[in-house]
Amino acid sequence: MFEYRLTAQCPETGARAGELITPHGVIETPVFMPVGTQATVKAMTPPELEEIGAQIILGNTYHLYMRPGADIVEEAGGLHKFMQWHHPILTDSGGFQVFSLSELRKITDEGVEFRSHLDGSKHFMRPEDSMDIQQKLGSDIAMAFDECVVWPTTEEYSRAAMERTISWAKRCKEHHSREDQALFGIVQGSMFEAQRIECIKRLEDIGFPGYGIGGLSVGESHEDMYRILDVLCPEMPVNKPRYLMGVGHPANLIEGVARGIDMFDCVLPTRNGRNGGVLTSFGKLNLKNRGFARDFTPIDPSCGCYTCRNFTRAYIRHLYTAGEILAARLCSWHNLYFLVNLMRDARKAIIEGRYPQFRRDFFAKFNEGPMQL
RNA sequence: GGUAGGAUGGCCGAGUGGUCAAAGGCAACAGACUGUAAAUCUGUCGGCGAGAGCCUACGCUGGUUCAAAUCCAGCUCCUACCA
């Protein structure tokens, strides 16, 4: 029911192309996965996601547990049916909320006590609870409940969190029973190379069909992120998918792929899209800027998305300044298309044996500096 | 014509003698956003200056006072009610 097939590998970099077989379809990797925390990719409908080329999307354990509740989703026939997305879904375990809701939670070896961000009520989530919820949601890929550590942190704290994450991973696997759902372990260890290597080895001993790399893109420099990937990826099993959690930035995707990452997810395309930020092949733009008021060209002339085929920067800027919801939709659409297709193009390049050139071409064009108006 | 109330920074609107270049909101301009507490958040927002600071400002004109957006007089305009 779940299998990873490595189909091509870049002889120069660590880039890999593969296929992930899931109950709801085959995913071609490397892949960018749009984030749909609350059973919706914000501002997008499922048919629109299909048109973009999205192969798999995310849902979130913590958020769906809080609202509407796992039982309701289960009663609805599972998350796929509930939200009318009939392709693969990956659910995050709530581990990231251990990080992002740091003001509202208390961690013990047993689990995490959360105060609801909605009404302040107390909830206790153990690895077993996360598994129960994810099994009710019925995602194709569930993630182990981990502790995503804040950055920066000490070597001691990172180790404690890593130990907890490993012990929770074991409990997750023991508790997990649904056969039509794969369970991925998550590597922690912050910016400590030895801990990262130790963590993947010990997770491998437990045995998972895929591995997430957590605790990155939490504020550290790109150099730190790449340094960890450089030492960690060669230690990861070749025949299992590698998922760099929460990443994100186009440059990070290109570099992640070069280091052997197969899967990415990030809120950046949708969140920034709602706020006027768009990604292009030549860098980022903020469409709210006055300079676009009379710019009657598409966001990215080389982009084939619905937004770029039909609308101008001036029109979209107008929608933003007028507070129109379509602005958020059109830019989310474009940004998702950009990242999904960046990975599709990367895959093609890997298969055709030209990933190093593809990578060079990307950076020659993509400008991180101030935008040109 | 009479009576009452009111005129504040692009707009709305606090402020009734000094701590006022003037709260707050909106608009505008810019920035941030990486397993989504985000259609959010932050900053700037009279002029000059790196800065201390200086200048110009609360309808207009004049006055009182060490000191006026705030008090007084006249004027202009607006609003409500009465004729």
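Enquirer: Run through the overall build of chain A, naming residues and quoting values.
Expert: Scanning chain A from terminus to terminus reveals 15 helices and 16 strands. For a compact globule of 373 residues, the expected C-alpha radius of gyration is about 21 Å, and chain A comes in at 20 Å, within 12% of that figure. On the principal axes, the C-alpha backbone points of chain A span a range of 60 × 50 × 40 Å. Taken across its 373 residues, chain A has 56% of its residues classed as buried. Summed over its atoms, the accessible surface of chain A is roughly 15,200 Å², and 50% of this surface lies on carbon and sulfur atoms. Here chain A holds 41 positive side-chain charges and 47 negative ones, and the gap between their average locations is 5 Å.

Enquirer: Outline unusual backbone geometry, supporting the account with residue identities and numerical values.
Expert: In this structure, Pro68 follows Arg67 across a cis peptide bond, with omega equal to 10°. Here Pro68 shows up in the loop between α2 (61–66) and α3 (70–75). The residue after Trp151, namely Pro152, is reached through a cis peptide bond having omega -5°. Residue Ala43 is not a glycine yet carries a positive backbone phi of 80°. Following the sequence through the fold, Ala43 ends up in the loop between β4 (31–34) and α1 (46–52).

Enquirer: Can you lay out helix α10 (residues 250–258) for me, pointing to particular residues and giving the numbers?
Expert: Among the 9 residues that make up α10, 9 are buried, leaving the element largely enclosed by the rest of the structure. Of all the positions in α10, only Pro250, Ala251, Asn252, Leu253, Ile254, Glu255, Gly256, Val257 and Ala258 are classed as buried. A positive phi of about 100° marks Gly260, the residue just after α10.

Scoring rules and cut-offs
- Residues numbered from 1 in each chain as written.
- Chains lettered and ligands numbered in written order.
- Predicted model: local features only at pLDDT ≥ 70, side-chain atom pairs only at ≥ 80, totals over all residues.
- Heavy atoms only, no water.
- Helix = DSSP H or I, 4+ residues; strand = E, 2+ residues; numbered from the N terminus.
- Rg over C-alpha atoms; globule rule 2.2 N^0.38 Å.
- Buried < 20%, exposed > 50% of the residue type's maximum accessible area, 1.4 Å probe, protein only.
- Areas by Shrake-Rupley, 256 points an atom, 1.4 Å probe, with all protein chains shown as cover.
- Lys, Arg positive; Asp, Glu negative; His and termini not counted.
- Charge placed at Lys NZ, Arg CZ, Asp CG, Glu CD.

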